[in-house]
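Per-entry structural report
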Amino acid sequence: AKVSRTLAYKVFAELAALGLIEKKEEPGKVATFVAAHPLKLKEIIEKREQEAKDALSALEDVLPRMTAEYNIAGGKPGIEFFEGMDGIAKVLDDTLTAKEVIYTYADLKAIDDVYRDLNKDYLEKRKRRSIEKRGILADTSFTRKMLAGYDTEVTDSRLVKYDHEPSKTVIQMYDGKTSYIVMDRKDPVSIIVHDPFITASNRAIFEVVWDHAAPVSSAAGSGTRSNTA
């Protein structure tokens, strides 16, 4: 192996600690080392994968408090960036940790075009957890059609007029965080900004728009319920 005896024994000790080799030593004889079965490698990787998952789960439990304390102490806002449909799913899952009402601006047409099935699953999870949401939506013909069968169990929405097509973006504010989902069919991107001051500013604007927006009841009649954001 062209390594010194000292280095060789150091490497052997590390491999033995991992369970990848077994040391055989008899009195008066040279010590020998035998490799473990290759399946041991798979076992170690699976164990480390589970340890990583446990560590991530533990971190997620304390991360909101740590982030809030960091921001209060004058640190920079924390920003998480995600790509693709998996990124959208991660941002939606994060809102399911909300301890308060979620405030959102949403483009229902873009949601229906880009992640309809994912959104249906998200709504069911949000209903099971009784997480309420207030949404401001674009007053378009598509939105009115969707609202004709709107499921209002955990969602309260109002309409606003736009001079042009909506921005194909969903903005959600909750628990000192503001998330953005940019719904491009080819390359959707999602962002979570951890900062209570940015969220409070967005919430203030939301409240002003909400007070001047038209209630859904004045724009859409009753009908068969459907799953919406």
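Everything numeric in this text was worked out from a predicted model, so none of it was measured. Along each chain, numbering runs from 1 in the same order as the chain's sequence is written. Restriction of local features to residues with pLDDT of at least 70 applies here, the model being predicted, together with a cutoff of 80 or more for giving and counting side-chain atom pairs; totals for whole chains, interfaces and linings are based on all residues. As a rule here, side-chain values cover all heavy atoms of the structure and leave hydrogens and water aside.

Detailed reading of the predicted coordinates is not advisable wherever pLDDT is low. Of the residues in the chain, 88% reach a pLDDT of 70 or more, and the chain-wide mean stands at 85. Predicted confidence for residues 219-227 stays below pLDDT 50, and this span has 24 contacts to residues more than four positions away or in other chains. Per-residue confidence from the predictor is given as pLDDT, running between 0 and 100. In this analysis, two residues are considered to be in contact whenever any of their non-hydrogen atoms come within 4.5 Å of each other.

In terms of nonpolar packing, the biggest core is built from 26 residues, with Ile111, Tyr115, Val170, Ile181 and Met183 touching the most fellow members. Helix numbers and strand numbers start at the N terminus; a helix is a DSSP run of H or I with at least 4 residues, a strand a run of E with at least 2. For this core, the element with the highest residue contribution is helix α4 (residues 108-128), accounting for 6 residues. Within the second largest apolar cluster, 8 residues are counted, among which are Tyr103, Met173, Trp210 and Ala213. We call a set of buried residues a nonpolar core when its members are Ala, Val, Leu, Ile, Met, Phe, Trp, Tyr or Cys and they connect through side-chain atoms within 4.5 Å of each other. Between buried and exposed lies partly exposed: a residue is buried under 20% and exposed over 50% of the maximum accessible area for its type, with that area taken using a 1.4 Å probe on protein chains only.

Take Asp112: it is sitting in helix α4. Each polar contact in these results corresponds to two N or O atoms within 3.5 Å; when the atoms are within protein, one needs to be able to donate a hydrogen and the other to accept it, and residues that are neighboring in sequence are counted only if both atoms are side-chain atoms. Of note is the side chain of Asp112, whose polar atom sits 2.9 Å from the side chain of Arg116.

This next bit is on the pairing of strand β4 (residues 102-106). Burial within β4 is extensive, with 5 of its 5 residues counted as buried. Here β4 shows two buried faces, one formed by Ile102, Thr104 and Ala106 and the other by Tyr103 and Tyr105. With α4 bridging β4 and the parallel strand β5 (residues 133-138), this β-α-β connection has right-handed handedness. Whether two strands pair depends on DSSP finding at least two bridges between them. Taken together, the 3 bridges between β4 and strand β7 (residues 169-174) define a ladder with antiparallel strand orientation. Bridging across to β7, Tyr103 finds its partner in Met173. Handedness of a crossover is defined as follows: with both strands directed away from the viewer, a clockwise route from the first strand across the helix to the second makes it right-handed.

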